[in-house]
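Structure assessment
These are the residues of each chain, in order.
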Amino acid sequence: MLQVEAVDKSFGDFMAVCQANLSVGRGELVAVIGPNGAGKTTLFNLITGQLWPDRGEIIFGGEDISGLPSYQICKRGIARSFQIVNIFPRLTIFGNVQVAVLSQQRRSSNLFLPAQNLAVEETKSILESVGLSDKATHIAGSLSHGDQKILEIAIALGNEPELLILDEPTAGMSPEETAATLELIKNLASSKGLTILFCEHDMDVVFSIAQSIMVMHQGRTLVQGNPEEVKGNKKVQEAYLGGE
Ligand code: ADP
Ligand code: MG
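Being a predicted model, the structure only gives us computed values, none of them experimental.

Taken together, Phe11, Phe14, Ala16, Pro35, Asn36, Gly37, Ala38, Gly39, Lys40, Thr41 and Thr42 make up the full set of residues adjacent to ligand 1. Gly37 is positioned such that a nitrogen or oxygen atom in its backbone is 2.7 Å from an oxygen atom of ligand 1. Separating an oxygen atom of ligand 1 from a side-chain N or O atom of Lys40 is a distance of 2.8 Å. Across the complex, the protein chains shield 60% of the 560 Å² of accessible surface that ligand 1 would expose by itself. The set of elements that each furnish at least two residues to the shell around ligand 1 consists of β2 (14–24) and α1 (40–47). If one sorts the elements of the shell around ligand 1 by residue count, α1 sits on top with three residues. Classifying every residue of the shell around ligand 1 gives five nonpolar, five polar and one charged.

Following this line, the structure appears as structure tokens:
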């Protein structure tokens, strides 16, 4: 479904992503791991069009999407959440998700049609699937950090993606919230048949739920393989155990 091939991205003289490769098959749950500064967020920004690569190809559904603006990439079926929460804090939970659903429905814009009555069922069903139904009328900015991160996933689902990209979905969460969020991610993958690409610091988590793991180090891809292959890989052991 997604193929990242030899992608580079520099900021001035500094190469944040260098010859990165990544492969995501349809229906897979794929993790990108690596220490802080390894280039994970930059790679996600390149895939979703927040940044454009200097070199290399990003093929999604057989077409090169590198260099497309992010709204076009979103329309083609890739949605994401951010490492730093990105919601409309003054809208309700329901409103946040409804805006996302409406944005992909491409209705003819009629300023005189009350928007609050549109896409209600779709929005409700998404809130149900992430467990936020009972808080639908709460103001998003008043939610706990954990619920805000879940809301971000719900907003991404509003775009009806084929590929969902989650940048540190459990960052800043308590152990209980982390466990619940991982359960949610696994369920979304299986019940909605979603393909999910995520990065995450907690190795126990990654090795327990990911089918394929790509390891990044100093902007480069060290290896991609199933959990067993990655655990047993010498380069990975050196990069993690030998320090930087
Ligand atoms: P990760 O998500 O793996 O922690 P990032 O992709 O955020 O890593 O960052 C990779 C490297 O690129 C870091 O050294 C970071 O400081 C640098 N970097 C990221 N974005 C920018 C930017 N816009 N300008 C300059 N340097 C950046
Ligand atoms: Mg990051």
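Moving on to the packing of aromatic side chains. Evaluation of the coordinates by the stated rule reveals zero aromatic pairs. Directly above the aromatic system of Phe82 lies the positively charged group of Arg80, at a separation of 4.1 Å from the ring centroid.

The subject of this paragraph is the sheet that holds strand β8 (residues 195–199). With respect to topology, six strands assemble into an open sheet ordered β6-β7-β8-β3-β9-β10, the strand pairing being mixed. Each end of this open sheet is capped by a strand with a single partner; those strands are β6 (78–81) and β10 (220–225). Here the strands of the sheet are splayed against their neighbours by 15° on average, with no regard to which way each runs. Across five bridges, strand β9 (residues 212–217) lies against β10 in antiparallel orientation.

Under the domain assignment used here, the protein chain contains domain 1 (1–77 + 161–244) and domain 2 (86–158). Computed over C-alpha atoms, the centres of domain 1 and domain 2 are 26 Å apart. Contact with domain 1, which involves 17 residues of that partner, is made by eleven residues of domain 2. When the two sides are added together, the surface that domain 1 and domain 2 hide from each other amounts to roughly 1000 Å², 72% of it contributed by carbon and sulfur. Here domain 1 and domain 2 share zero salt bridges between them. Between the two partners, domain 1 and domain 2, sit two residue pairs in polar contact (both at pLDDT 80 or more). Broken down by secondary-structure element, the contributors of at least two residues to the side of domain 1 that touches domain 2 are β7 (163–167) and α6 (175–191). Broken down by element, the side of domain 1 that touches domain 2 gets its largest block of residues, four residues, from α6. The residue inventory of the side of domain 1 that touches domain 2, partitioned by class, reads nine nonpolar, three polar and five charged.

Let us now look at the side chain of Glu168. By the element assignment, Glu168 lies in the loop between β7 and α6. Although Glu168 is buried, it forms no salt bridge, and the closest oppositely charged side chain is Lys40 at an N-O distance of 4.8 Å. When neighbours within four sequence positions are excluded, Glu168 is seen to be in contact with Lys40, Gln83, Lys149, Cys199 and His201.

This part takes up the packing of helix α5 (residues 145–158) against α6. It is the contact of α5 with α6, at a shortest axis distance of 10 Å, that shows an interaxial angle of 15°. In terms of their interaxial angle, α5 and α6 are classed as roughly parallel. Judged by the sense of rotation from one axis to the other, the crossing of α5 with α6 is right-handed. Only Glu177, Thr181, Leu184 and Leu188 of α6 make contact with α5, whose side of the interface consists of Gly146, Ile150, Ile153 and Leu157. Class assignment of the residues belonging to the contact of α5 with α6 gives a composition of five nonpolar, two polar and one charged.

Glancing now at the pattern of salt bridges. Scanning the model with the defined rule gives seven salt bridges in all. With a closest N to O distance of 3.9 Å, Asp167 and Arg80 form a salt bridge. Placement of the pair is Asp167 in strand β7 and Arg80 in strand β6, with a sequence separation of 87 residues. No difference in accessibility class separates Asp167 from Arg80, as the two residues are buried. Taking the shortest distance from any N to any O, the salt bridge between Asp147 and Lys135 comes out at 2.6 Å. Residue Asp147 is located in helix α5, and its partner Lys135 is located in the loop between α4 (120–130) and α5; the two are separated by twelve residues in the primary sequence.

About the thresholds
Residues numbered from 1 in each chain as written. Chains lettered and ligands numbered in written order. Predicted model: local features only at pLDDT ≥ 70, side-chain atom pairs only at ≥ 80, totals over all residues. Heavy atoms only, no water. Near = heavy atom within 4 Å. Polar contact = N/O pair within 3.5 Å; in protein donor to acceptor, adjacent residues only side chain to side chain. Areas by Shrake-Rupley, 256 points an atom, 1.4 Å probe, with all protein chains shown as cover. Helix = DSSP H or I, 4+ residues; strand = E, 2+ residues; numbered from the N terminus. Nonpolar A, V, L, I, M, F, W, Y, C, P; charged D, E, K, R; others polar. Phe/Tyr/Trp six-rings, centres within 6.5 Å; stacked < 30°, edge-to-face > 60°. Lys NZ or Arg CZ within 6 Å of the ring centre and 35° of its normal. Pairing = 2+ DSSP bridges. Axes fitted to C-alpha atoms, helices over the stretch in contact; angles between N-to-C directions. Domains from an automatic or database assignment. Contact = heavy atoms within 4.5 Å. Buried area = accessible area lost by both parts, 1.4 Å probe. Salt bridge = Lys/Arg side-chain N within 4 Å of Asp/Glu carboxyl O. Buried < 20%, exposed > 50% of the residue type's maximum accessible area, 1.4 Å probe, protein only. Lys, Arg positive; Asp, Glu negative; His and termini not counted. Parallel < 35°, antiparallel > 145°, perpendicular 65-115°, else oblique. Left-handed = near helix turned anticlockwise from the far one by under 90°.

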